[in-house]
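Residues per chain, in single letters:
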Amino acid sequence: AASGSNKIKNAKLVLLGDAGTGKSSLVLRYVKGQFVEFQESTIGAAFFSQAVAVNDETVKFEIWDTAGQERYHSLAPMYYRGAAAAVIVYDITNLIPLIIIQATFARAKKWVQELQAQGSPNTIMALAGNKADLLEARQVSAQEAETYANENGLFYMETSAKTAINVTDIFYETAKRLIQAQ
Ligand code: GDP
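These figures come from a predicted structure and were not determined experimentally.

Visitor: Would you take a moment to explain the side chain of Asp65 for this structure?
Guide: For Asp65, the position within the fold is in strand E3 (residues 57-66). Buried charge without a salt bridge: Asp65, with Lys23 as the nearest opposite-charge side chain at an N-O distance of 5.5 Å. Here the side chain of Asp65 touches Ser24 through a polar contact of 2.7 Å, side chain to side chain. Apart from the residues within four sequence positions on either side, Asp65 is in contact with Leu15, Lys23, Ser24, Val27, Thr42, Gly44, Ala45, Ala46 and Phe48.

Next comes the structure, spelled out in structure tokens:
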């Protein structure tokens, strides 16, 4: 109705995934529309806020960008507990670390397992195959990631913080699913 049916829903969203997969870059692209080639490492976690309108509702994301390094692992539950949504990020090229193929994808799967075991059952989970601009260096096929996501209750998108492919989309889709689930 014209009298303002707009409902605002606050939603805690956490980004999880290996250091170097592009979590901070995705948030920077999403919130500020920027990309920097040498993004400084996040220490502990960083907080951002972003509102997204879905039809006549507004989801106000409270985004927690976690560090990803193993030494901060014990902090992770503080961020994913009570989270309405989790975006789990891997790097489709898996260039980091250089030798271990599929390392960041394997790590993403570990995060999914941890969330399924210790997170909230209602958390919407998105799987982001980031650095989708580096197709020639791809190590994880879209098919493999898609199958994994379907089998484990996530939705999957390939993103690029560099070119902005699917960045707004993955947050929008998350917001849409949050509203549908309530
Ligand atoms: P985080 O540790 O997961 O937060 O990763 P960062 O956001 O710090 O990114 C790690 C490195 O990957 C930085 O040098 C970024 O510039 C680069 N990077 C992040 N996203 C992309 C992307 O989509 N494409 C390309 N080519 N590089 C990216």
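There's plenty left to go through after this.
Visitor: Is there a simple way to explain the environment of Gly22 in this structure?
Guide: Tracing the backbone shows Gly22 in the loop between strand E1 (7-16) and helix H1 (23-32). With 144 residues separating them in the primary sequence, Gly22 and Asn166 have C-alpha atoms 14 Å apart.

Visitor: What exactly am I supposed to notice about the pairing of strand E6 (residues 155-158) here?
Guide: Along a regular strand, successive side chains alternate from one face of the sheet to the other. Taking every second residue as pointing to the same face, both faces of E6 are buried, with Phe155 and Met157 on one and Tyr156 and Glu158 on the other. With 4 bridges joining them, strand E5 (residues 124-130) and E6 adopt parallel strand pairing. Residue pairing across strands places Gly129 opposite Glu158, the latter belonging to E6. Crossover connection from E5 via helix H4 (residues 142-151) to parallel E6: handedness right-handed.

Visitor: It is not clear to me how the confidence of the model for the protein should be interpreted in this structure. Could you clarify?
Guide: Low pLDDT marks stretches whose predicted atomic positions should not be read closely. Scored by pLDDT, the protein has a mean of 91; 93% of the residues are at 70 or more. As a predicted assembly, this complex carries a pTM of 0.93 together with an ipTM value of 0.99.

Visitor: Would you mind going over the packing of aromatic side chains with me for this structure?
Guide: Aromatic ring pairs are described here by two measures, namely the spacing of the ring centres and the angle between the planes. Following the criterion strictly, the structure yields 6 aromatic pairs and no others. A connected cluster of aromatic rings, assembled from ring pairs, spans Tyr30, Phe61 and Phe171.

Visitor: Got a minute to help me understand the site of the ligand in this structure?
Guide: If you check the shell around the ligand, you find 19 residues, and the closest are Gly20, Lys23, Ser25, Glu37 and Asp133. Lys131 is positioned such that a nitrogen or oxygen atom in its side chain is 3.1 Å from an oxygen atom of the ligand. At 3.4 Å from an oxygen atom of the ligand is found a main-chain nitrogen or oxygen belonging to Lys162. For the ligand, whose free accessible area comes to 570 Å², the fraction covered by protein is 89%. Among the detected pockets, the ligand sits in the largest pocket. Grouping the amino acids of the shell around the ligand by side-chain chemistry returns 5 nonpolar, 8 polar and 6 charged.

Conventions we followed
- Residues numbered from 1 in each chain as written.
- Predicted model: local features only at pLDDT ≥ 70, side-chain atom pairs only at ≥ 80, totals over all residues.
- Heavy atoms only, no water.
- Helix = DSSP H or I, 4+ residues; strand = E, 2+ residues; numbered from the N terminus.
- Buried < 20%, exposed > 50% of the residue type's maximum accessible area, 1.4 Å probe, protein only.
- Lys, Arg positive; Asp, Glu negative; His and termini not counted.
- Salt bridge = Lys/Arg side-chain N within 4 Å of Asp/Glu carboxyl O.
- Polar contact = N/O pair within 3.5 Å; in protein donor to acceptor, adjacent residues only side chain to side chain.
- Contact = heavy atoms within 4.5 Å.
- Pairing = 2+ DSSP bridges.
- Right-handed = clockwise from strand over helix to strand, strands pointing away.
- pLDDT = per-residue confidence, 0-100.
- Phe/Tyr/Trp six-rings, centres within 6.5 Å; stacked < 30°, edge-to-face > 60°.
- Near = heavy atom within 4 Å.
- Areas by Shrake-Rupley, 256 points an atom, 1.4 Å probe, with all protein chains shown as cover.
- 1 Å grid on protein atoms, 1.4 Å probe; cavity = no way out; pocket = protein on both sides within 12 Å on 5 of 7 lines; lining within 4 Å.
- Sits in = over half its atoms within 2 Å of the grid points.
- Nonpolar A, V, L, I, M, F, W, Y, C, P; charged D, E, K, R; others polar.

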